[in-house]
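# Structural description and commentary
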Amino acid sequence: ITTFRAEGDCGNHPNDSGGYTCYGISQNNNPEIDVRKITRADAENIAHRKYYAAHGIDKLPDYLRSDVFTFGWASGPKTAVRNLCRVLGIPERNKIDSEIVMAVENYNGDLHNDYVDAMQQYFIKCAEKPKNKVFLTGWMNRVKLTRENSCHYPTTDPIAQ
């Protein structure tokens, strides 16, 4: 829900290297799909198959899955997994495996916030390219949504008073 909330519907921004995009599914990165004809349900199924399960994100503990998926949806799942490895201090790879899961389970610190910080820094670096600068506000909104919609986000608002 958080990921698709950040994406919006369909569009064709001239600076977007993905080309025409619907619900985050870009035509240039998915040439086998007619992106103009997909529904949100189609996009969710593609997201699960090509991003979530295919890269092993489903193997991560519940509290981290949505963070890695959201980052991967915006940057590509390999980038999200490699950034997770960097945060964990282990050799980079492109897919979640048992070593990554073990490192996540043994992480000494606030992995959610450390990972979201890495996502934020990645987007800031991407926005250094002039053609990407226009996307920075949207990327920072995605970071904010990810940070706030985690089960580890501390809140000052009580559920009940």
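Check the entry above for the structure.
This report concerns the structure included in the present document. Computed from a predicted model, the values in this text were never measured in an experiment. (Residues numbered from 1 in each chain as written. Predicted model: local features only at pLDDT ≥ 70, side-chain atom pairs only at ≥ 80, totals over all residues. Heavy atoms only, no water.)

The next point concerns the state of the cysteines. One pass over the full model with this rule turns up one disulfide. The disulfide partner of C10 is C22, and the S-S distance across this bridge is 2.0 Å. For the disulfide bridge between C10 and C22, the dihedral angle about the S-S bond is near 115°, and by the sign convention the bridge is right-handed. Of this pair, C10 sits in strand β1 (residues 10-11) while C22 sits in strand β2 (residues 21-22), placing them twelve residues apart in sequence. A relative accessible area of 0% means that C22 is categorised as buried. (Disulfide = S-S within 2.5 Å. Helix = DSSP H or I, 4+ residues; strand = E, 2+ residues; numbered from the N terminus. Buried < 20%, exposed > 50% of the residue type's maximum accessible area, 1.4 Å probe, protein only.)

Another point: the layout of surface pockets. Taken as a whole, the largest pocket spans an internal volume of roughly 850 Å³. Every residue lining the largest pocket is counted, 31 residues in all, and those nearest its centre are E7, D16, A74, F135 and W139. Those elements that place two or more of their residues in the lining of the largest pocket are α1 (2-7), β1, α3 (62-75), α6 (111-126) and α7 (136-148). Counting residues per element, the lining of the largest pocket draws most heavily on α3, at four residues. A per-class count over the lining of the largest pocket returns eleven nonpolar, 15 polar and five charged. (1 Å grid on protein atoms, 1.4 Å probe; cavity = no way out; pocket = protein on both sides within 12 Å on 5 of 7 lines; lining within 4 Å. Points joined across faces, edges and corners; volume = space filled by probe spheres on them. Nonpolar A, V, L, I, M, F, W, Y, C, P; charged D, E, K, R; others polar.)

Turning our attention to the packing of α3 against helix α4 (residues 77-88). Where α3 contacts α4, the axes come no closer than 6 Å and their chain directions differ by 130°. When the interaxial angle is binned, α3 and α4 end up oblique. Our pair here, α3 against α4, has a crossing hand that is right-handed. Listed contacts from α4 to L64, V68, F71, G72 and S75 of α3 are P77, T79, A80, N83 and L84. Considered class by class, the residues forming the contact of α3 with α4 number six nonpolar, four polar and no charged. (Axes fitted to C-alpha atoms, helices over the stretch in contact; angles between N-to-C directions. Parallel < 35°, antiparallel > 145°, perpendicular 65-115°, else oblique. Left-handed = near helix turned anticlockwise from the far one by under 90°. Contact = heavy atoms within 4.5 Å.)

Turning our attention to the packing of aromatic side chains. Tallied over the entire structure, the rule returns nine aromatic pairs. Plain terms: the ring middles of F71 and F123 are 5.8 Å apart, the flat faces sit at 65° to each other, and that makes the pair edge-to-face. Taken together, the residues span a long stretch of sequence, with F71 in helix α3 and F123 in helix α6 at a distance of 52 residues. Considered together, F71 and F123 belong to a single accessibility category, that of buried residues. An aromatic cluster is present here, built from F71, Y115, Y122, F123, F135 and W139 joined pairwise through their rings. A cation sits over an aromatic face here: R36 above Y20, 3.8 Å from the ring centre. (Phe/Tyr/Trp six-rings, centres within 6.5 Å; stacked < 30°, edge-to-face > 60°. Lys NZ or Arg CZ within 6 Å of the ring centre and 35° of its normal.)

A few words now on the nonpolar core. Among the nonpolar cores identified, the biggest contains 43 residues, and I38, L60, V68, L84, L88, I100 and V104 are the most heavily contacted of them. Mapped onto this core, the elements with two or more residues apiece are α2 (40-53), α3, α4, α5 (98-105), α6 and α7. By residue number, the principal contributor to this core is α6, which donates seven residues. When neighbours within four sequence positions are excluded, I38 is seen to be in contact with C22, Y23, I25, I33 and A43. (Core = buried A, V, L, I, M, F, W, Y, C linked by side-chain atoms within 4.5 Å.)

What follows deals with the side chain of H112. Following the sequence through the fold, H112 ends up in helix α6. Of note is the side chain of H112, whose polar atom sits 2.6 Å from the side chain of D67. (Polar contact = N/O pair within 3.5 Å; in protein donor to acceptor, adjacent residues only side chain to side chain.)

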